[in-house]
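A look at the structure
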Amino acid sequence: GPEPETMPVPRADHGGSRSSTAAKKEMQKPRAHDKDGLKKSTSNQQGMESGLFLPLGLLVLQIAIVKRIWGEEWRTLADQGWSLVAALVASVLYLVKIMFNRFCKKSKHEKLMSAEPANGPRKYVFLNGLKYDVTEFADKHPGGKVIRFYFDQDCTDAYNAFHRSSKWAAETLKSLKKTKAIPADVPPQPAYIKEYRELVRKWTRMGLYNPNWFFIGMRVLEIVGCLVFSIYFARHTIILSAMIAGYAWAKCGFLQHDAGHLGITGNSDVDILIQVAFEGFAKGGSAAWWRNRHNKHHAKPNVHNQDSDLVTLPFLSWDKDHAKEAPKWLIRYQAYYFVPLLCLYVPIFFITTKLFMWRKKHPFEAFVAVLHHLAFGYGLMGWSGLSLAETVGWFLLGYAVQGVYLGFVFSLSHFVMPHMHGPEEGKNVDWVKLQCNTTLDFSESEVVGWLTGHL
């Protein structure tokens with residue numbers, strides 16, 4: 001549903017100006033990347049190497065512990081003790097890394113504000129009646145290139161949906177150059193935009209966005225219960241156990257989806273922790289990767305070349321125009337291989353999420369993902385007595401069930417609705433109309449809501 005408009009409006013007289021001398025010195029600084037933005041500075045490369053050290057170390061540690069404890073059998077208490085020491089050492093290394101980032105490096109906010117200006121014309125967005133210069137900020141936007149989708153557009157509703165409770169985003173706004181928007185420059189907004197915002201405020205006053213703790217608890221209990229039961233049941237039947245785990249992982253996907261949208265508690269810090277718990281520890285994925293990908297999808301749903309969920313060619317197309325770009329000899333059979341192809345949905349993302357954590361330097365998420373495999377490895381091999389080959393098969397079957405379940409529901413949610421072929425076509429559609437026209441409503445049945453993750 002729509003998000004409440006709670007972000008404070010920055011003062012219009014805060015121009016963020018600086019002296020011409022300082023600006024000149026900054027313009028004379030060497031660029032950290034070429035005109036295509038592909039080259040990185042030496043310092044950034046060194047930072048990436050240090051950021052990758054921990055995930056690599058944890059991966060080696062995971063392999064060593066699994067081989068030592070679960071590869072053959074439980075040996076002696078000494079072996080278990082050494083494994084505990086290794087885990088403690090890894091935890092200490094991680095804490096050292098946290099402290100180093102906290103006290104010895106520039107904050108993310110400082111890095112963003114020290115970005116060098118980009119070439120070409122200035123880039124602006126309109127927000128709450130103000131015109132913001134985001135030329136320098138765009139390359140360093142934490143959410144990636146999604147901000148570029150709103151150049152020269154009113155992004156008020158998109159901003160409120162993505163950053164409604166973020167204090168950091170509000171502070172960043174105060175640091176950007178801004179002026180009072182001239183009415184002639186602001187893209188025209190339909191009358192229903194104002195009605196939509198008033199409706200959101202009304203729903204907020206009614207408490208419709210307040211968390212339902214009983215409902216949340218029931219969802220968590222279902223997931224935890226299914227996962228524990230699946231691991232215990234693996235000693236009796238691997239196939240049924242893996243299918244139950246796949247179902248539970250799909251429900252994890254629905255819950256972390258809501259948390260990633262800050263739709264569980266409304267507190268960004270708490271919701272992100274919930275997302276990391278269910279996407280990272282319960283599933284072994286990356287919450288940051290999901291937000292980076294999924295926010296682009298919701299910023300411009302069903303707009304080709306902007307909605308990353310539509311990048312499925314040459315195997316799948318979602319309307320007739322899209323199908324013209326695929327090889328005819330292959331796409332004509334997609335009705336037959338669509339569901340089997342969804343079985344590869346999660347294994348492919350298993351690889352891309354790990355590459356994302358490596359490339360974007362997310363050591364904490366890598367640490368949580370390793371904990372996922374250690375916990376499930378112990379449960380399956382140490383508790384239920386499965387072999388390494390049986391454990392791998394258990395994961396693959398669970399991933400297949402999860403992929404078919406999630407992929408089928410998500411495909412119905414958006415892809416069957418109208419598409420826009422190109423950014424220019426999507427640029428002419430306001431936020432409210434874009435969200436409504438590209439989202440499919442499911443039945444209000446409690447059973448359908450439960451099966452589809454309450455999307």
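Summary of the structure given here. Everything numeric in this text was worked out from a predicted model, so none of it was measured. (Residues numbered from 1 in each chain as written. Predicted model: local features only at pLDDT ≥ 70, side-chain atom pairs only at ≥ 80, totals over all residues. Heavy atoms only, no water.)

**Looking at the packing of helix H16 (residues 363–383) against helix H17 (residues 388–415)**
Here is the rule we go by: Where helices are involved, their axes are fitted lines through C-alpha atoms of the stretch in contact, as for all axes, and angles between N-to-C directions lie from 0 to 180°. Per the convention used, a helix needs a DSSP run of H or I reaching at least four residues, while a strand needs a run of E reaching at least two, with both numbered from the N terminus. Any angle between 65 and 115 degrees counts as roughly perpendicular, while under 35 counts as roughly parallel, over 145 as roughly antiparallel, and the rest as oblique. If you view the pair so one helix is near and one far, a crossing is left-handed when the near helix is turned anticlockwise from the far one by less than a right angle, and right-handed when it is turned clockwise. The contact criterion used throughout is that any non-hydrogen atoms of two residues lie within 4.5 Å. By the convention adopted, Pro, Cys, Tyr, Trp, Phe, Met, Ile, Leu, Val and Ala count as nonpolar, Lys, Arg, Asp and Glu as charged, and the other residues, Gly among them, as polar.
Two elements in contact, H16 and H17, have axes separated by 10 Å at closest approach and are oriented at 120°. It follows from the interaxial angle that H16 and H17 lie oblique. Classified by chirality, the crossing of H17 by H16 is right-handed. Counting all contacts with H16, which are made through His372, His373, Phe376, Leu380 and Met381, the residues of H17 involved are Leu388, Thr391, Trp394, Phe395 and Tyr399. Partitioning the contact of H16 with H17 into residue classes produces 7 nonpolar, 3 polar and no charged.

**Here's the deal with the packing of helix H15 (residues 345–359) against H16**
Relative orientation of the contacting elements H15 and H16 amounts to 140°, with a least axis distance of 10 Å. Taken as axis vectors, H15 and H16 run oblique relative to one another. On H16, the residues touching Phe350, Lys354 and Met357 of H15 are Glu365, Ala366, Ala369 and His373. A breakdown of the residues in the contact of H15 with H16 according to their chemical character gives 4 nonpolar, 1 polar and 2 charged.

**Focus on the side chain of Lys251**
Just so we agree on the cut-off: Throughout this description, buried means an accessible area under 20% of the type-specific maximum (1.4 Å probe, protein chains only), exposed means over 50%, and partly exposed covers the range between.
Structurally, Lys251 can be placed in helix H9 (residues 238–260). Given a relative accessible area of 6%, Lys251 falls into the buried group. Other than its neighbours up to four places away in sequence, Lys251 contacts Glu222, Ile223, Tyr405 and Trp450.

**Overview of the sheet that holds strand E2 (residues 130–133)**
How we decide: Whether two strands pair depends on DSSP finding at least two bridges between them.
Pairing is antiparallel across the open sheet formed by 3 strands, whose spatial order is E1-E2-E3. Looking along the sheet, the strands with just one partner apiece sit at the ends: strand E1 (124–127) and strand E3 (178–180). Averaged over neighbouring strand pairs, the angle between their axes works out to 25° when direction is ignored. Sheet topology note: the E2/E3 ladder contains 3 bridges and is antiparallel. The residue bridging Lys131 from the neighbouring strand is Thr179, located in E3.

**Some remarks on helix H14 (residues 334–342)**
This is how the line gets drawn: To obtain the arc, one takes the directions from the helix axis to the C-beta atoms.
Listing the buried residues of H14 in full gives Tyr337, Phe338 and Leu342. All buried residues of H14 lie within an arc of 135° about the axis, which places them on one face of the element. Packing partners of the buried residues in H14 comprise helix H13 (328–331), H15 and H17.

**Some points on the pairing of E2**
Bridge analysis of E1 against E2 gives 4 bridges, and the strand direction is antiparallel. The residue bridging Leu127 from the neighbouring strand is Leu130, located in E2. Between the antiparallel neighbours E1 and E2 lie 2 residues, among them Asn128 with a positive phi of about 55°.

**Topic: the packing of aromatic side chains**
Cut-off, in case you're wondering: Any pair of Phe, Tyr and Trp rings, taking the six-membered ring for Trp, is counted once the centres come within 6.5 Å. Such a pair is stacked with planes under 30 degrees apart, edge-to-face with planes over 60 apart, and tilted for the rest.
A full pass over the atoms with the stated rule returns 19 aromatic pairs. Relative to Trp394, the ring of Trp249 has its centre 5.6 Å away and its plane inclined at 85°; by these criteria the two rings are edge-to-face. Residue Trp249 is located in helix H9, and its partner Trp394 is located in helix H17; the two are separated by 145 residues in the primary sequence. Judged by its relative accessible area of 0%, Trp249 falls in the buried class.

**Remarks on the pattern of salt bridges**
Note on pairing: side chains with opposite charge can pair once their charged atoms come close. What counts, and what does not: Note on definitions: salt bridges are taken to be side-chain nitrogens of Lys or Arg within 4 Å of carboxyl oxygens of Asp or Glu.
Evaluated as defined, the whole model comprises 12 salt bridges. Two residues, Glu222 and Lys251, come together in a salt bridge whose shortest N-O distance is 3.2 Å. Of this pair, Glu222 sits in helix H8 (residues 213–233) while Lys251 sits in helix H9, and the two are 29 residues apart along the sequence. Through salt bridges that share partners, Arg122, Asp133 and Glu136 make up one connected network.

**Observations regarding the nonpolar core**
Spelled out, the test is: Here the nonpolar core consists of buried residues drawn from Ala, Val, Leu, Ile, Met, Phe, Trp, Tyr and Cys, with membership extended through side-chain atoms lying within 4.5 Å.
Among the nonpolar cores identified, the biggest contains 26 residues, and Val125, Tyr132, Val134, Tyr150 and Trp431 are the most heavily contacted of them. Elements represented by at least two residues in this core include exactly E1, E2, helix H5 (156–163), helix H6 (167–175), helix H7 (191–205) and helix H19 (431–437). The greatest single-element share of this core, amounting to 4 residues, is contributed by H5. Ignoring anything within four residues of it in the chain, the contact list for Trp431 reads Tyr150, Asp157, Ala158, Ala161, Phe162, Tyr196, His298 and Ala299.

**A short note on unusual backbone geometry**
A cis amide bond links Leu313 with the next residue in sequence, Pro314, at an omega value of 10°. Relative to the helices and strands, Pro314 is located in the loop between helix H11 (287–299) and helix H12 (320–323). Not every positive phi belongs to a glycine, and Asn305 is a case in point at roughly 75°. Structurally, the position occupied by Asn305 is in the loop between H11 and H12.

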